[in-house]
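Coordinate analysis (summary)
Spelled out from the first residue to the last, the chains are:
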Amino acid sequence: MVKVKVVERPPADLVVQSWLPELWKGMKVTGRHFFVNLLTRKGIVTSQYPEEKRQYPPRYRGKHRLMLREDGTARCVACFMCSTACPADCIRIVAGERPDENEKFPAVFEVDFIKCVFCGLCEEACPCDAIRLDSGVHRAPAYTRAEELNGKEDLLSLGGISVSRQGGEFK
């Protein structure tokens, strides 16, 4: 047998049932913070955005970019490692064959920023140092879904020439 102790609640009077005392307490706290911040400007952590822009941390993953070789072509060899490693499945590559070399190139390379979670796994999986997320560029907002789909030309415009060794030859 379980013993239950019944606790009597005091009857709620009109003052306790109304919201006016609690509203007054909240307005006092809000007013105090407002006037202290307005007059002393001490402890304000709000940044004045258009005039003062915050610095991104050194490990910030910015907008994707495709790197170039010394001859100006894309470093990507369409190996599909980045699209395979991507957990959001936001990278689409269509491979094409180079007529003069025994190597593929990306005929289509698209990143869908609606799906992208900026995890950096595509950058880690790429064996050719072709894709990077270190551009430091914050993505601009878009108004349509089509603007969120960045193609090869958009990604190459942010990339520069990469001097890392490509092809896996070890000496």
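Scope of this entry: the structure provided in the associated data block. (Residues numbered from 1 in each chain as written. Predicted model: local features only at pLDDT ≥ 70, side-chain atom pairs only at ≥ 80, totals over all residues. Heavy atoms only, no water.)

With respect to the nonpolar core
I91, F109, V111 and I131 are the most contacted members of the largest nonpolar core, which totals 20 residues. Mapped by element, the contributors of at least two residues to this core are β2 (91–97) and β3 (104–112). Residues contacting F109, with those up to four places away along its chain left out, are L66, C76, C82, I91, R92, I93, I131, N150, G151, K152 and L155. (Core = buried A, V, L, I, M, F, W, Y, C linked by side-chain atoms within 4.5 Å. Buried < 20%, exposed > 50% of the residue type's maximum accessible area, 1.4 Å probe, protein only. Helix = DSSP H or I, 4+ residues; strand = E, 2+ residues; numbered from the N terminus. Contact = heavy atoms within 4.5 Å.)

Remarks on the sheet that holds strand β5 (residues 149–150)
As summarised here, the arrangement of the 3 strands in space is β2-β3-β5, forming an open sheet in which the pairing is antiparallel. Strands with a single pairing partner mark the edges of an open sheet, and in this sheet they are β2 and β5. In the sheet, β2 pairs with β3 via 7 bridges, with the strands oriented antiparallel. Looking at β3, one finds that V94 is bridged to V108. (Pairing = 2+ DSSP bridges.)

A word on the packing of aromatic side chains
The relative placement of two aromatic rings is captured by the distance of their centres and the angle of their planes. What the rule picks out here adds up to 3 aromatic pairs. Their ring planes at 75 degrees and their centres at 5.0 Å tell us that F34 and F35 sit as a pair that is edge-to-face. (Phe/Tyr/Trp six-rings, centres within 6.5 Å; stacked < 30°, edge-to-face > 60°.)

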